[in-house]
Amino acid sequence: QVQLVESGGGLVQAGGSLRLSCAASGRMFSINDMGWYRQAPGKQRELVAGITRGGFTNYVDSVKGRFTISRDNAKNTVYLQMNSLKPEDTAVYYCHADVIRSYGWVPSRDWGQGTQVTVSS
């Protein structure tokens, strides 16, 4: 069983910064894509940023230039550095990892438990 454990959420004032971390552990062969989604109250979950195993990244337009996603493949960990935070960034942030559990298997998506990010104005 694969577990994703997130950390780094909290309360911050507008303009501040937070760094989220998500570490995957358990029985796995490798991890393909990793990323972060968020869900604000009353809204659908949206992709914030994604990163391939090789380091290619993509971002939702609203966070470009403010957020940076990175990963450490040796630690099976993905990070989200969030700068210049705005009240509209307030949401529960979920990490995901597309895990290959054994050689030759197709990836399956695992999710973290979510971490609350609140940005006050």
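Throughout what follows, the structure given in this document is the object of discussion. (Residues numbered from 1 in each chain as written. Predicted model: local features only at pLDDT ≥ 70, side-chain atom pairs only at ≥ 80, totals over all residues. Heavy atoms only, no water.)

## Quick look at the state of the cysteines
So, step 1. Tallied over the full model, the rule gives 1 disulfide.
So, step 2. Here C22 pairs with C95 through a disulfide, and the sulfurs are 2.0 Å apart. Between C22 and C95 the disulfide shows an S-S torsion of about 50°. By sign, it is right-handed. With C22 in strand 3 (residues 18-26) and C95 in strand 9 (residues 91-100), this pair connects stretches of sequence that are 73 residues apart. No difference in accessibility class separates C22 from C95, as the two residues are buried. (Disulfide = S-S within 2.5 Å. Helix = DSSP H or I, 4+ residues; strand = E, 2+ residues; numbered from the N terminus. Buried < 20%, exposed > 50% of the residue type's maximum accessible area, 1.4 Å probe, protein only.)

## A short note on the side chain of S21
So, step 1. Following the sequence through the fold, S21 ends up in strand 3.
So, step 2. Residues contacting S21, with those up to four places away along its chain left out, are V5, E6, S7, W36, V78 and Y79. (Contact = heavy atoms within 4.5 Å.)

## Brief notes about the environment of V119
So, step 1. Tracing the sequence through the fold places V119 in strand 11 (residues 115-120).
So, step 2. Considering only alpha carbons, one finds V119 and A14, 105 residues apart in sequence, at a separation of 5.7 Å.
So, step 3. Setting aside its immediate chain neighbours within four residues, V119 contacts V12, Q13, A14, L85, K86, P87, D89 and T90.

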